[in-house]
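# Coordinate analysis (summary)
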Amino acid sequence: MTDMLQFQRPIGDQLRQWRERRRLSQMDLALQAEVSTRHLSFVETGRSKPSREMILRLAEQLDLPLRERNHLLLAGGYAPIYAESALDSPHMAAAREAVRRLLTGHEPYPAAVVDRSWNIVDANAVLGVFTAGSAPWLLEPPANALRISLHPDGMAPRTINLGEWRAHLLGRVRRQVAITRDPELSELYDELLEYPCHQPEPEVEVPGPGSIFVPLRVQYEDRELAFFSTIATFGTPLDITVAELAIESFFPADEETRRFLLHWADDRKNSPPNNTMNGTASGTMNGAANGTANGRAAG
């Protein structure tokens, strides 16, 4: 329903709103897109209908997600050009293989792939270090990484610096909502705000002495583990599903964590699978996200 209402809005209004969200003047955007300011003004006011090529050029300069580019094309009376494919479809085999290689290659450190709503698409087995002890319902498809991280039945009780980490995650989601204008993500953000937190939450991430990143500090059994993370995306995606995938890789932030993960990986090779850790991370979540992708593609 939200998408249909968006398509019914004049394309000029949508372009103007996106331009304002990007804090660009008409002259700024016109110069970047190599069109006249007068023509851009006519497009925004509805006095001129933009061509398909003009819509794509403006969308490129506005750095719009592929999903939003399709929305603009529909609003302008043109067919969308970017497909949204199910991850388990045959022609997505290359993407699935690339993701799996990244995840297994990152072991013995945790890594997960999430979609635009932070639903876990796939993960390596080491992610079980984070999910161990979480309520089973949080790990059922589609398992959401943010809910698992911040819910009191998830990682929150074991996150030693919960206030700091929560503020960091909420800041990321808030910026993502501003960029994508995704109503589903906005609802998730509002939900996360309601979760309790009994630690101070910094309004601004100010580094302390020697700090270079916000760490994630987690209690695992009788020890404290510390991590930092990096996020990777596909560099030249032409499919909406691929464009919206994000691969978050965690690295040990101290030597004790590094040694523990190496020993943990060795123990895992020599012992039967642990359902709590291995099954949740690599089996259930992988299936969950394929279902999510299928549902979105069908919708």
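Described below are features of the structure shown in this document. Note that the structure is a prediction, hence the values are computed from the model and not measured.

This part covers the overall build of the protein. Counting its secondary structure elements, the protein contains 15 helices and five strands. Within the protein, buried positions represent 48% of all 299 residues. Contacts in the protein between residues far apart in sequence, at least 24 positions, make up 64% of those at least 6 positions apart. In the form shown here, the protein has an accessible surface area of approximately 15200 Å², with 53% of it arising from carbon and sulfur atoms.

Attention shifts here to the pairing of strand S1 (residues 111-114). Burial along S1 is two-sided: the residues Ala111 and Val113 and Ala112 and Val114 are all buried. Pairing of S1 with strand S2 (residues 120-123) involves three bridges; the strand directions are antiparallel. Across the sheet, the residue bridging to Ala112 is Ala123, located in S2. Taking the residues that link successive antiparallel strands as the turn, the S1-S2 hairpin has five residues, and the phi of Trp118 there is positive, at about 70°.

Across all of its chains, the model carries 19 salt bridges by this definition. Residues Arg67 and Glu84 are paired through a salt bridge, measuring 2.9 Å at the closest nitrogen-oxygen approach. Taken together, the positions of Arg67 in helix H6 (residues 66-75) and Glu84 in the loop between H6 and helix H7 (93-106) put the pair 17 residues apart, joining distant regions of the chain. Glu244 serves as the salt-bridge partner of Arg67, at 2.8 Å between the closest nitrogen and oxygen. Taken together, the positions of Arg67 in helix H6 and Glu244 in the loop between helix H13 (240-243) and strand S5 (246-252) put the pair 177 residues apart, joining distant regions of the chain. Here the salt bridges share partners, and the residues they tie into one network are Arg67, Glu84, Arg116, Asp182 and Glu244.

It is worth spelling out the packing of helix H2 (residues 11-21) against H6 at this point. It is the contact of H2 with H6, at a shortest axis distance of 9 Å, that shows an interaxial angle of 150°. As far as their axial angle goes, H6 and H2 are roughly antiparallel. Here H2 and H6 pass one another in a crossing that is left-handed. The segment H2 lies against H6, with Ile11, Gln14, Leu15 and Trp18 engaging Glu68, Leu72 and Ala75. Within the contact of H2 with H6, the residues separate by chemical class into five nonpolar, one polar and one charged.

Counting 43 residues, the largest nonpolar core has Val129, Phe130 and Leu216 as the members making the most contacts within it. Ranked by the residues each element gives to this core, the list is headed by helix H11 (residues 162-180), at six residues. Beyond its immediate chain neighbours, meaning those up to four positions away, Leu216 contacts Phe130, Met155, Thr159, Asn161, Trp165, Leu225, Ala226, Phe227 and Phe250. Residues Ala30, Val35, Leu40 and Leu72 belong to the second largest nonpolar core, which totals 19 residues.

Contact geometry of H11 with helix H12 (residues 183-193) gives a least axis separation of 9 Å together with a crossing angle of 155°. Taken together, H11 and H12 sit at an angle that is classed as roughly antiparallel. Handedness of the crossing formed by H11 with H12: left-handed. Judged by residue contacts, Arg166, Leu170, Val173, Arg174, Gln176, Val177 and Thr180 of H11 engage Leu185, Ser186, Tyr189, Leu192 and Leu193 from H12. Taken together, the residues that form the contact of H11 with H12 break down as seven nonpolar, three polar and two charged.

Conventions used here
- Residues numbered from 1 in each chain as written.
- Predicted model: local features only at pLDDT ≥ 70, side-chain atom pairs only at ≥ 80, totals over all residues.
- Heavy atoms only, no water.
- Helix = DSSP H or I, 4+ residues; strand = E, 2+ residues; numbered from the N terminus.
- Buried < 20%, exposed > 50% of the residue type's maximum accessible area, 1.4 Å probe, protein only.
- Contact = heavy atoms within 4.5 Å.
- Areas by Shrake-Rupley, 256 points an atom, 1.4 Å probe, with all protein chains shown as cover.
- Pairing = 2+ DSSP bridges.
- Salt bridge = Lys/Arg side-chain N within 4 Å of Asp/Glu carboxyl O.
- Axes fitted to C-alpha atoms, helices over the stretch in contact; angles between N-to-C directions.
- Parallel < 35°, antiparallel > 145°, perpendicular 65-115°, else oblique.
- Left-handed = near helix turned anticlockwise from the far one by under 90°.
- Nonpolar A, V, L, I, M, F, W, Y, C, P; charged D, E, K, R; others polar.
- Core = buried A, V, L, I, M, F, W, Y, C linked by side-chain atoms within 4.5 Å.

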